[in-house]
Amino acid sequence: MNAAPADQIRLLDVQALDTRLSQLAHKRRTLPEHAEIESLTKDLTQLRDLLVAAQTEESDCAREQKKAEQDVDQVRQRAVRDQQRLDSGAVTSPKDLENLQKEIVSLSKRQGDLEDVVLEVMERRESAQERVDELTERVSSVQAKVDDATARRDRAEDGLDTEAAAVAKERELVAGSVSAGLMELYEKIRGQQGGVGAARLYQRRCEGCHIELNITELNDVRSAAADTVVRCENCRRILVRTAESGL
């Protein structure tokens, strides 16, 4: 393939802009905020799961406490009624009086046992509520860190996107000044060679693969016409000759 030497030189400018675009894309993908957000989000998910579990425990304790308090109230009311019957003198049979007194004693013991249950449940509920409060605070703290990291990431991405848009626009202008055939070859090679389709020959070394040309390869390049598109024998990239090629 033949192409004007000026087109070949401009191809190096296109390559430099493509390299910059690749660097910007890589930097965007590897922003430290990405890993930070991922780690914080994982922590946040775990904390929220723990918070739900603590809230469920507190809710269960609340229902258990209510049920226990209702049981205490029922026993207390029954004991009050029995005591009122005893005090009223309505029960005159010695046997009935004895049974009534035994029931009052039994109800008193039952009430005491149930009140102990209420206290135990209240302690568990209080502990669960403290856990809920602690986890709620930790969730809020980690969420704030996620929000901060997200804002920093978004600002960084916006800056990189703005720069990439400017570079892409410049690339479009420069590429438009290069012959279509040369650009087509460049794009094909660039797709095959990790994003680098053209490289400068500098001091007898290909800057694409960084290998120095042997004497035979150098002689071939020296003898090639100025408009001949030379390829590196090692990496097959377009080899652009400049005044610093060392020929």
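Below you will find a few notes about this structure. All of these numbers come straight from a predicted model, not from anything done at the bench.

Structural notes on the pairing of strand 4 (residues 238–241)
Residues Ile 238 and Val 240 of strand 4 are buried on one face, and the alternating residues Leu 239 and Arg 241, pointing to the opposite face, are buried as well. Two elements, strand 1 (residues 198–202) and strand 4, share four bridges in a ladder whose sense is parallel. What sits directly across from Ala 198, in strand 4, is Ile 238. Where strand 3 (residues 230–231) meets strand 4, two bridges bridge the pair, whose relative direction is antiparallel. Paired with Arg 231 across the strands is Ile 238, a residue of strand 4. Counted along the chain from strand 3 to the antiparallel partner strand 4, the turn is six residues long, and its residue Arg 236 has a positive phi close to 70°.

Some points on the nonpolar core
Judged by nonpolar contacts, the single largest core of 21 residues is most densely connected at Leu 11, Val 14, Leu 182, Met 183, Tyr 186 and Ile 238. Going through the elements one at a time, helix 1 (5–29), helix 3 (94–176), helix 4 (180–192) and strand 4 are the ones with two or more residues in this core. One finds Ala 54, Val 139, Val 142 and Ala 149 within the second-largest nonpolar core, a separate group that totals 12 residues.

Things to note about a negative patch on the surface
Taken together, the side chains of Glu 123, Glu 126, Glu 130, Asp 133 and Glu 137 make up a negatively charged region of the molecular surface. The topology assignment puts Glu 123 in helix 3.

Quick word on the packing of helix 2 (residues 32–88) against helix 3
One way to put it is that helix 2 packs onto helix 3 with a least axis distance of 5 Å and a crossing angle of 160°. Judged on the interaxial angle alone, helix 3 and helix 2 are roughly antiparallel. Considering only the axes of helix 2 and helix 3, their crossing is left-handed. Of the residues in the contact of helix 2 with helix 3, the class split is 30 nonpolar, 11 polar and 23 charged.

Considerations on unusual backbone geometry
For residues that are not glycine, phi is negative in most cases, and the peptide bond is trans in most cases. Of note in this structure, Gln 203 is not a glycine but carries a positive phi near 50°. Position of Gln 203 among the secondary structure elements: in the loop between strand 1 and strand 2 (205–206). On the accessibility criterion, Gln 203 (48% relative accessible area) is partly exposed. Within the chain, Arg 204 stands out as a residue other than glycine whose phi angle is a positive 70°. When you line up the elements, Arg 204 lands in the loop between strand 1 and strand 2.

Some points on helix 4
Between its terminal C-alpha atoms helix 4 stretches 19 Å, which fits the 18 Å expected from 13 residues at 1.5 Å a residue. For helix 4, the secondary structure elements touched by its buried residues are helix 1, helix 3, strand 1, strand 3 and strand 4.

Cut-offs and rules
Along every chain, residues carry numbers that run from 1 in the direction the sequence is written. Local features in a predicted model are, by the rule used here, given only for residues with pLDDT of at least 70; side-chain atom pairs are given and counted only at 80 or more, and totals for whole chains, interfaces and linings are based on all residues. Heavy atoms throughout the structure, all of them, feed into the side-chain values; hydrogens and water do not. Relative accessibility decides the category of a residue: with a 1.4 Å probe and only protein chains considered, values under 20% of the type maximum give buried, values over 50% give exposed, and everything between is partly exposed. We count a stretch as a helix when DSSP gives it H or I for four or more residues in a row; a strand needs E for two or more, and each element gets its number in order from the N terminus. Only when DSSP finds a minimum of two bridges between them are two strands counted as paired. For the purposes of this section, nonpolar cores are sets of buried Ala, Val, Leu, Ile, Met, Phe, Trp, Tyr and Cys residues that join through side-chain atoms within 4.5 Å. Patch membership needs two things, relative accessible area over 30% and no salt bridge, and members are linked within 9 Å if like-charged or within 5 Å if nonpolar (Val, Leu, Ile, Met, Phe, Trp, Tyr). Note on areas: Shrake-Rupley with a 1.4 Å probe; residue coverage comes only from the protein chains shown. In what follows, salt bridge is the name for a side-chain nitrogen of Lys or Arg lying within 4 Å of a carboxyl oxygen of Asp or Glu. Positive charges come from Lys and Arg, negative ones from Asp and Glu, while His and the chain ends are left out of the count. We put the charge of a Lys on NZ, of an Arg on CZ, of an Asp on CG and of a Glu on CD. Axis angles are defined between N-to-C directions and span 0 to 180 degrees, where every axis is a line fitted to C-alpha atoms and, for a helix, only to the segment in contact. An angle below 35 degrees is treated as roughly parallel, one above 145 as roughly antiparallel, one from 65 to 115 as roughly perpendicular, and anything else as oblique. In this scheme, a crossing is called left-handed if the near helix is turned counterclockwise away from the far one by less than a right angle; it is called right-handed if the turn is clockwise. Residues are grouped as follows: Ala, Val, Leu, Ile, Met, Phe, Trp, Tyr, Cys and Pro are nonpolar; Asp, Glu, Lys and Arg are charged; every other residue, Gly included, is polar. Expected span, for any helix, means 1.5 Å times one less than how many residues it has. In what follows, residue pairs with any heavy atoms lying within 4.5 Å of each other are defined as contacts.

Keep in mind these values describe shape, not function.
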